[in-house]
Amino acid sequence: MTFRDGRPANDDEPGPPPSCMASPGPVQSRAILGPVRLIGLRDAAYAERLAWLDQWIEADAVLPFENENLRMISQADRSFSILVLHGDDTRRMARILRDWRSLLPGKLLVACLSASTPDERADLLRSGGDFVFDISTPGPLAFAALTAGLRRRLAASAPAGAPADAVSLDAPLTRAEVAILEVLHENDGQTVPYGQILDRLGKSGTSEAVKCLQVQIQRLRRKIRSGASIENAKSQGYRGEFDRPRFA
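Residues numbered from 1 in each chain as written. Predicted model: local features only at pLDDT ≥ 70, side-chain atom pairs only at ≥ 80, totals over all residues. Heavy atoms only, no water.

(A) Structural view of a positive patch on the surface. On the surface, R91, R92, R95 and R98 cluster together to form a positively charged patch. Looking at where R92 falls in the secondary structure, it is placed in helix α4 (residues 90–103). On the basis of relative accessible area, R92 is assigned to the partly exposed category, the value being 32%. (Patch = residues over 30% accessible without salt bridge, like charges linked within 9 Å, V, L, I, M, F, W, Y side chains within 5 Å. Areas by Shrake-Rupley, 256 points an atom, 1.4 Å probe, with all protein chains shown as cover. Salt bridge = Lys/Arg side-chain N within 4 Å of Asp/Glu carboxyl O. Lys, Arg positive; Asp, Glu negative; His and termini not counted. Charge placed at Lys NZ, Arg CZ, Asp CG, Glu CD. Helix = DSSP H or I, 4+ residues; strand = E, 2+ residues; numbered from the N terminus. Buried < 20%, exposed > 50% of the residue type's maximum accessible area, 1.4 Å probe, protein only.)

Given below as structure tokens:
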């Protein structure tokens, strides 16, 4: 399945024309990348890295790193697509990225440094980072890389059973959200009981599991820009309404 937002990357295609490399500016970056959160390690270069980031990306939250940050981010009501960690202590950053990757598998994780060596960049990528930049990287180039990465992530999270261009997303889906969207799409326009959805997720139909499902549905709704809606079905389950009919 493909989405209106993007398509799978093709390395054989030519790169963007030079006009696409113009600096997007923070306002345009927000419209294209969606909500972005910046978390920084306090050090002598903290302000310098923020100044560089501010030239090409707008964040909806800018915070110094604290142990409570991840809990707050993971429980945030508002979905976001990209989480940026900036600092110069690469060993500490690698540990943080490993923790983030295990808890936030659907996000693009970006590491930004004041300066970096090839070995340091490789270590951060192995630790869970999707991209590693330093302030010598031109802002437009970093922006283009993130845009392409987000486009690929959206395409990779597409439900396999849905028709092409059925759903437009604002953020990548987790595996559980993909499974929920698939079962709703298979029963387009019909009420799907809680138990049937939970069975697809490999969970029992306990009251606690139903509460967790309700939270997942809320998050999924926020990620769907257009093409589908999810309605409550009188405490029985959920009904998916898709703009395009399901395959026969």
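Let us keep going from here.
(B) Inspection of the sheet that holds strand β9 (residues 228–232) at higher detail. Read across the open sheet, the three strands follow the order β7-β10-β9; overall the sheet is antiparallel. This sheet does not close on itself; its edge strands, each paired only once, are β7 (191–193) and β9. Strand-to-strand, the axes of this sheet are offset by a mean angle of 30°, without reference to chain direction. Helix-sheet contacts for helix α7 (residues 175–186) involve β7, β9 and β10 (237–242), and the interaxial angle to β10 is about 75°. (Pairing = 2+ DSSP bridges. Axes fitted to C-alpha atoms, helices over the stretch in contact; angles between N-to-C directions. Contact = heavy atoms within 4.5 Å.)

(C) Region of the structure containing the packing of α4 against helix α5 (residues 118–126). α5 packs onto α4 with a crossing angle of 20° between their chain directions and a minimal axis gap of 8 Å. With respect to their mutual orientation, α4 and α5 come out roughly parallel. Of the two possible hands of crossing, α4 and α5 adopt the one that is right-handed. Contact residues: α4 offers T90, M93, A94 and L97, while α5 offers E120, D123 and L124. (Parallel < 35°, antiparallel > 145°, perpendicular 65-115°, else oblique. Left-handed = near helix turned anticlockwise from the far one by under 90°.)

(D) Highlighting the packing of α7 against helix α9 (residues 207–223). Here α7 crosses α9 at 85°, and the two axes come no closer than 10 Å. In this view, α7 runs roughly perpendicular relative to α9, as classed from their interaxial angle. Note on element contacts: α9 touches α7 through L213, Q216, I217, R219, L220 and K223, opposite A176, E177, I180 and L181. Of the residues that constitute the contact of α7 with α9, the class distribution is six nonpolar, one polar and three charged. (Nonpolar A, V, L, I, M, F, W, Y, C, P; charged D, E, K, R; others polar.)

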